[in-house]
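In case you want the letters, here they are:
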Amino acid sequence: MNALAHRRFLKMNGLGNQITVLDLRGTKHLVSAQEARAIAAEPRARFDQLMVLHDPQAAGTDAFVRIYNVDGTEAGACGNGTRCVAWAMMADPEMGDPAKTALTLQTKAGLLPVKRESETVFTVDMGAPRLAWDEIPLTEPFADTSRFELQIGPIDAPILHSPCAVNMGNPHAVFFVEDPYAYNLEQIGPLLENHPIFPDRANIELAAVTAPDHIVLRVWERGAGITQACGSGACAALVAAVRRELSARKAVVSLPGGDLTIEWRESDGRKDAGHVLMTGAAAFEWDGRLDPALLASAA
Ligand SMILES: N[C@H](CCC[C@H](N)C(=O)O)C(=O)O
């Protein structure tokens, strides 16, 4: 019997970004890509991202979290999923500790301090963005990743070009456009996600800065496709807009599923070194237990 059989899962969302939370603390089980895809095959457990809790590794942290996209690939960051995990660890009747109003999670990309703002709203310190070409990563040593050579479409009339690259624990390419909804993202998203310039593939953002404190955003997510919201993508878009001097350091980012407030703090006067704070909601939908029959198909 698969170790995950009959385990309880929480189905949640972060602004419509479909999140499933699985608590494997106290076990040594590591979810495989096949198991992640099998869990996504359960209609009630279907997710854009699966957030799996493991026992804490670093001192002072509350849990280590592994993040899986619906295609089974792992990611180092998921902003919306992090807020959902924080809700679960504070408010879920079976796994929550209502006395907690703050906690620190860890992913393979680093530490994520989370503060509870209200019953359903959380602020995550997503850490400092990584901006060097080999931190994104890119396969070419661009000195300035705020605008690098990448275009799609006819050479003399590209559909999109000159994005800004940002790593928020995961790779992002942000294209600034007039209207993010004027593009066939289903068609161009996968071409850009899998472009050879991105050795680890990339999340693709279409961003319009409509005011110094307002960005409209659509995202094609690496390993998940178009989602209703992308927290790390919203952080990447704000960082990119500041680097391009298009926005203030704090703005509302409006995604199809709702708004996030993103702030890129300065640090000791060094503009690029500060952490990025993301504030937004997390919503519980239902819980369930994993079906052994579906898991039996996974390795
Ligand atoms: N697809 C992303 C992970 C999830 C990001 C997004 N759902 C978020 O809220 O940050 C990646 O492979 O890097």
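Source: prediction; values computed, not measured.

The rules behind these values
Residues numbered from 1 in each chain as written. Predicted model: local features only at pLDDT ≥ 70, side-chain atom pairs only at ≥ 80, totals over all residues. Heavy atoms only, no water. Pairing = 2+ DSSP bridges. Helix = DSSP H or I, 4+ residues; strand = E, 2+ residues; numbered from the N terminus. Core = buried A, V, L, I, M, F, W, Y, C linked by side-chain atoms within 4.5 Å. Buried < 20%, exposed > 50% of the residue type's maximum accessible area, 1.4 Å probe, protein only. Domains from an automatic or database assignment. Contact = heavy atoms within 4.5 Å. Polar contact = N/O pair within 3.5 Å; in protein donor to acceptor, adjacent residues only side chain to side chain. Buried area = accessible area lost by both parts, 1.4 Å probe. Salt bridge = Lys/Arg side-chain N within 4 Å of Asp/Glu carboxyl O. Near = heavy atom within 4 Å. Areas by Shrake-Rupley, 256 points an atom, 1.4 Å probe, with all protein chains shown as cover. Nonpolar A, V, L, I, M, F, W, Y, C, P; charged D, E, K, R; others polar. UniProt positions renumbered as here; feature names shortened; annotations may be inferred.

**Section: the pairing of strand β18 (residues 276–281)**
Both faces of the sheet carry side chains from a regular strand, because those side chains alternate between them.
Phase 1: Relative to β18, strand β8 (residues 121–125) is paired through five bridges, and the arrangement is antiparallel. By the bridge assignment for β18, Phe-122 is matched with Gly-280.
Phase 2: The sheet contact formed by strand β17 (residues 258–264) and β18 spans four bridges and is antiparallel. Along β18, the bridge assignment pairs Glu-263 with Leu-277.

**Observations concerning the nonpolar core**
Phase 1: One finds Val-21, Leu-105, Leu-255 and Ile-262 to be the most contacted residues of the largest nonpolar core, which totals 56 residues.
Phase 2: In terms of residue count, helix α4 (residues 231–243) provides more of this core than any other element does, nine residues in total.
Phase 3: Inspection of this core shows a minimum of three residues originating in each of domain 1 (8–122 + 284–296) and domain 2 (151–274).
Phase 4: Not counting chain neighbours up to four residues away, the residues in contact with Val-21 comprise Phe-9, Leu-10, Met-12, Met-51, Leu-53, Cys-84, Val-85 and Ala-88.
Phase 5: Within the second largest apolar cluster, 20 residues are counted, among which are Ile-136, Ile-152, Ile-188 and Ile-197.

**Describing the environment of Glu-42**
Phase 1: Structurally, Glu-42 is set in the loop between α1 (33–40) and β3 (49–54).
Phase 2: Remark: the alpha-carbon pair of Glu-42 and Phe-198, spanning 156 residues in sequence, is separated by 31 Å.
Phase 3: A polar contact of 2.6 Å, which involves the side chain of Glu-42, links it to the backbone nitrogen of Asp-291.

**With respect to the domain arrangement of the protein**
Phase 1: Here the protein is described as being made up of domain 1 (8–122 + 284–296) and domain 2 (151–274).
Phase 2: Contacts between domain 1 and domain 2 engage 18 residues on the former and 19 residues on the latter.
Phase 3: Both faces combined, the contact of domain 1 with domain 2 buries some 1100 Å², and carbon together with sulfur accounts for 50% of it.
Phase 4: Among the residues domain 1 hides against domain 2, the three largest losses belong to Leu-15, Ala-77 and Asn-80. Together they make up 40% of the total.
Phase 5: Seen at the junction of domain 1 and domain 2, the total is one salt bridge.
Phase 6: Across the pair Arg-201 and Asp-71 runs a salt bridge, and its minimum N-O distance is 3.6 Å.
Phase 7: The tally of links between domain 1 and domain 2 comes to seven residue pairs in polar contact (both at pLDDT 80 or more).
Phase 8: Secondary structure elements with two or more residues in the side of domain 1 that touches domain 2: β5 (74–75) and α2 (79–91).
Phase 9: When residues in the side of domain 1 that touches domain 2 are grouped by element, the largest group, three residues, is from α2.

**A few points about the site of the ligand**
Phase 1: Neighbouring the ligand are 15 residues; Asn-69, Glu-221, Arg-222, Gly-231 and Ser-232 lie closest to it.
Phase 2: Backbone polar atom of Asn-80 to an oxygen atom of the ligand: 3.1 Å apart, as the coordinates give it.
Phase 3: Here the ligand loses 100% of its free accessible area of 370 Å² to cover by the protein chains.
Phase 4: Sorting the residues of the shell around the ligand by element identifies α2 and α4 as the ones contributing at least two each.
Phase 5: Looking at the shell around the ligand, its residues break down into four nonpolar, nine polar and two charged.
Phase 6: There are two domains that each give the shell around the ligand at least three residues, and those are domain 1 (8–122 + 284–296) and domain 2 (151–274).

**Re the UniProt feature "active site" (unreviewed entry) in the protein**
Phase 1: Per the UniProt record, the feature "active site" (unreviewed entry) sits at Cys-78 and Cys-230. For the residues just named, distributed over 153 residues, the greatest C-alpha separation is only 7.5 Å, placing them together at one site.
Phase 2: Mapped onto the elements of the fold, Cys-78 is located in the loop between β5 and α2.
Phase 3: For Cys-78, the residues in contact, after removing those within four places along its chain, are Asn-17, Ile-19, Gln-49, Met-51 and Ile-67.
Phase 4: Since its relative accessible area comes to 3%, Cys-230 is described here as buried.
Phase 5: With sequence-adjacent residues up to four places away left out, Cys-230 is seen in contact with Asn-80, His-172, Glu-205, Val-219, Glu-221, Leu-255 and Leu-260.

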